[in-house]
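Structural overview
Each chain, letter by letter, is given below.
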Amino acid sequence: MAPDSGSFPEGPLLRLLPLEAKDRGTQRCRLGPAALRALGARLGSAVKISLPVGGSCLCTVWPRRDRADGFVQLDLQCASPGAAGGASGTLGTLSLSRLRLVPCPLLRRLTVWPVLRDRTGTPDAASPADVLEAAQELLRNRPVSRGHVVSVPPGAPGPLAALHVVGGTPSPDPAGLVTPRTRVVLSRAPPSESEQRPEVPLGGLSEAADSLRELLSLPLRYPRTLAALGLDVPRGVLLAGPPGVGKTQLVRAVARETGAELLAVSAPTLQGARPGQTEENVRRVFQRAQELASCGPCLLFLDEVDALCPRRGGPYGAPENRVVAQVLTLLDGISGDREVVVVGATSRPDALDPALRRPGRFDREVVIGTPTLKQRKEILQVITSKMPTCSHVDLGLLAEMTVGYVGADLTALCREAAMHAMLHCNKNQDNPLIDETDFLEALKKIQPSSFRSAIGLMDIKPVYWEEIGGLEDVKLKLKQLEFQEVFNQNVMIVAATNRPDVLDDALLRPGRLDKIIYIPPPDEKGRLSILKVCTKSIPVGPDVSLEKLAAETCFFSGADLRNLCKEAALLALQENGLEATTVKQEHFLKSLRTVKPSLSCKDFTSYESLFQKQEFSNLGDI
């Protein structure tokens, strides 16, 4: 619905006159010379006009034959739904401010929804080929606008009554010109469904979307140019990334943007119960994609493609091999069809059969990793954009707290926070607000899926410096490295080994692992510090002397000392049962008889001699 007249600035008023018979069906707007000068229009310029009765129309500017000023005549052949009928017989005035010159680029592709005439009594309905031919003839050399309806002149032959403009490439919004080279495509969905498709937000996926868009736009938007140049473009794209990062969402958004028909299939659903049924299902899907491509570009999306094409040579053998061979054959056959692009998605790219990843099949790969800090913030902004969050909620801080969370996890987190706000909002139950407390409570329930292993959730609790006893020199050097990396892309690679003598020398050269830090066994002072850390959660008795224990635990590592304390606590529990309240010195002394150091004097000597060699002394800190 166009804005009412009150939203337009004052301007010269033009009197609406009836259209001349010669201009019917020409989509022309006749103006006097003064109005043409005021608009700055040239002959045939596209102009979008907001009608007083509501809606708008798209016309081309032409001078009046009598060159009289103060009048306007409109052919409403391309107008908003209902605008032509409502304004067809209405005369009055029209402010010049309602006329706006708009750019009108040449359209490479146009999608329309046909409205057919009532053909009751005829032997056969119009065929799609007849409808398409009539649409091409009606639209030839005509400017159109997305959302408008192009009406067929009364009495004109053919099956068409009108065409709804659904979209095109480039988008005809506000206008686009249909030329003889424009590919006209009949939409399979009515305009109400096509226009109401929700936009797919791409928070955190912009880089991956750019990469995928570049690969898909060439064959889908410029098939004829590529054919004329004899260029081969990727016909298959593999999306790889952990579950929940947005692979399916990305494909849907890019398909919508490029104007391609999307045929999405979950690969596991193609598995059949009887021999040969899976291959038959796969053939039907590829055949359907080629049928859709007869009317326009088609994007065939195979989700979880690793379930359909696992690496051959497994224990089940023949059935898997036949399915993989069938998919390979179909991919090779579809490579010559420039209107079909196959996109596969998997969270296990290594499980795919290698034959699928060679050039000509899935020859391009787009990797979507776990979101970074910046991407998590963008995802949270998209998710919370339609949620009633408090103004003091810091999404940047929330992004820092959600390391390892993928898009699906963040969506679940925000949903859980909204549920908590709804259930615990006492003051304003009609309009609850989501605050920081709700998000903190949601963090206790929603865990990052990328950290889940086959057994359960991996423990990655942060370890603070005060939780590490001893090793003060080593901690100082690590802190220095951490400070340096703040100015170096925030990336630090740390490798650990207890066999430095077997490492390849090339790994230790400058530019790779060029800083070597030797972590020696803790000395007496370090052992005392470690014992204090280990006994923080143990109720030790007043007779326990950690200093004496530190002196008697030579060659004990940090793990040995922790084991010593645990063993002493177990001895106290065995001795006193549930009545045990403290761990005494005698328990530690008994534990010393069973817990032995994992290091020996020989080990210490070998490490010392190794790190005193020439090749380590110029890189490391001993």
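Right above here is the structure, for reference.
These remarks concern the structure in this document.

This part is about the packing of aromatic side chains. This structure, assessed with the given rule, holds 0 aromatic pairs. Its end group placed over the ring of Trp62, Arg28 keeps NZ or CZ at 3.8 Å from the ring centre.

Working definition: the covalent bond between the sulfur atoms of two cysteines is a disulfide. Tallied over the entire structure, the rule returns 0 disulfides. Left unpaired, Cys554 is separated from the closest cysteine sulfur, that of Cys601, by 8.4 Å.

A few words now on unusual backbone geometry. Most peptide bonds take the trans form, and the phi angle of most residues other than glycine is negative. Omega for the peptide link from Thr169 to Pro170 comes to -10 degrees, which places this bond in the cis form. When you line up the elements, Pro170 lands in the loop between β12 (160-169) and β13 (176-177). In this model, Asp173 is joined to Pro174 through a cis peptide bond whose omega is 15 degrees. Note that Pro174 resides in the loop between β12 and β13. Of note in the backbone geometry, Gln27 takes a positive phi value of approximately 65 degrees without being a glycine. A positive phi angle, near 55 degrees, is found at Arg67, a position not held by glycine. Here Arg67 shows up in the loop between β4 (56-63) and β5 (71-74).

With that settled, consider the environment of Arg109. With respect to the helices and strands, the residue Arg109 is situated in strand β9 (residues 109-116). With 58 residues separating them in the primary sequence, Arg109 and Gly167 have C-alpha atoms 8.5 Å apart.

Applying the stated criterion to the full structure yields 17 salt bridges. Across the salt bridge formed by Arg348 and Asp306, the nearest N and O atoms sit 3.2 Å from each other. Taken as a pair, Arg348 in the loop between β18 (340-346) and β19 (364-367) and Asp306 in the loop between β17 (298-303) and α9 (318-334) lie far apart in primary sequence, 42 residues in all. The exposure class assigned to Arg348 is partly exposed, which follows from its relative accessible area of 48%. Across the pair Asp332 and Arg361 runs a salt bridge whose closest N-O atoms are separated by 2.8 Å.

Turning our eyes to something else, we now look at the pairing of strand β15 (residues 236-240). Of all 5 residues in β15, 5 are buried; the element is thus mostly enclosed. Along β15, one buried face is formed by Gly236, Leu238 and Ala240 and the opposite face, lined by Val237 and Leu239, is buried too. Here β15 pairs with β18 via 5 bridges, running parallel. Bridged to Gly236 within β18 is Val342. Taken together, the 4 bridges between β15 and β19 define a ladder with parallel strand orientation. Paired with Ala240 across the two strands is Val367, which belongs to β19.

Criteria and thresholds
- Residue positions are counted from 1 within each chain, in the order its sequence is given.
- Since the coordinates come from a predicted model, pLDDT governs what is reported: local features require at least 70, and pairs of side-chain atoms require 80 or more to be given and counted, while whole-chain, interface and lining totals use all residues.
- As a rule here, side-chain values come from all non-hydrogen atoms in the structure, and water together with hydrogens is ignored.
- What counts as a ring pair is set by centres within 6.5 Å for rings of Phe, Tyr and Trp (its six-membered ring), and what kind of pair is set by the plane angle: stacked under 30 degrees, edge-to-face over 60, tilted for all other angles.
- Only when the NZ of Lys or the CZ of Arg is both within 6 Å of the ring centre and within 35 degrees of the ring normal is a charge said to sit over the ring.
- Cysteine sulfur atoms that come within 2.5 Å of each other are treated as a disulfide pair.
- Only DSSP runs of H or I with at least four residues qualify as helices, and only runs of E with at least two residues qualify as strands; both kinds are numbered from the N terminus onward.
- Just to be clear on terms, a salt bridge is a Lys or Arg side-chain nitrogen sitting within 4 Å of an Asp or Glu carboxyl oxygen.
- The buried label goes to any residue with under 20% of its type's maximum accessible area, the exposed label to any with over 50%, and the partly exposed label to all in between, with areas taken from a 1.4 Å probe on protein chains only.
- The pairing criterion for strands is at least two bridges between them, as found by DSSP.

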